[in-house]
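Summary of the model geometry
The lines below spell out each chain.
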Amino acid sequence: MSSFLHPIPFESAVELPRFQTKNGEQAIELNRILYLSAQGNYTRFHLDGGETVVTSHSLSIYARLLEQRGFVRVHKSHLLNREFLKHCRIQKSQWLVLPDRQTLEIARRRRAKLKKTVAAL
């Protein structure tokens, strides 16, 4: 589990999601994040390579930070990396199918905006 944890230079760590570990504060590089999912008041980061990290902050906290960095809120429970969106497909206008065949629900009110975002890629 500690393979994704590594020190990030201070300048870039200011803008990256950070969390406490027993080894001190760590950051996750944005290009490693595929998507984030809410689990109550916790957030699960889904990283490349199948790794996951659970943090004790709500998804809304990360959404405020990451939507400015190219992440797209597709549902109240999911925040997707726009770069990863290129490899996904929308199925029946309500599901986003990831390359690993996992599906994320698309909120009804976010469908039109998501379709425009996909078309612009």
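Residues numbered from 1 in each chain as written. Predicted model: local features only at pLDDT ≥ 70, side-chain atom pairs only at ≥ 80, totals over all residues. Heavy atoms only, no water.

1. A few points about the environment of arginine 101
Here arginine 101 lies in the loop between β9 (95–97) and β10 (103–105). Accessibility expressed as a relative area gives 74% for arginine 101, which makes it exposed. (Helix = DSSP H or I, 4+ residues; strand = E, 2+ residues; numbered from the N terminus. Buried < 20%, exposed > 50% of the residue type's maximum accessible area, 1.4 Å probe, protein only.)

2. Some points on the sheet that holds strand β6 (residues 71–75)
Remark on secondary structure: sheet strands pair via backbone hydrogen bonds, oriented parallel or antiparallel. The sheet built from five strands is open, its strands ordered β5-β4-β3-β7-β6 with antiparallel pairing. Single-partner strands in this sheet number two, and they are β5 (52–55) and β6. If you compare each strand with its neighbour and ignore which way they point, the axes differ by 20 degrees on average. The sheet strands contacting helix α2 (residues 59–66) are β3 (33–39), β4 (42–47), β5, β6 and β7 (78–81), and the helix crosses β7 at an angle near 30 degrees. (Pairing = 2+ DSSP bridges. Axes fitted to C-alpha atoms, helices over the stretch in contact; angles between N-to-C directions. Contact = heavy atoms within 4.5 Å.)

3. Section: the sheet that holds β10
Judged by pairing direction, the sheet is antiparallel, and its three strands sit side by side in the order β8-β9-β10 without closing on themselves. Lying at the two open borders of the sheet, with one neighbouring strand each, are β8 (89–91) and β10. Pairwise comparison of adjacent strand axes, ignoring direction, gives a mean angle of 30 degrees for this sheet. Where β9 meets β10, three bridges bridge the pair, whose relative direction is antiparallel. Bridging from a neighbouring strand, valine 97 pairs with threonine 103 of β10.

4. What to know about the side chain of histidine 78
Secondary-structure assignment places histidine 78 in strand β7. Those residues within four positions of histidine 78 in sequence are excluded, and the remaining contacts are Leu36, Ser37, Leu59, Val72, Arg73, Leu104 and Glu105.

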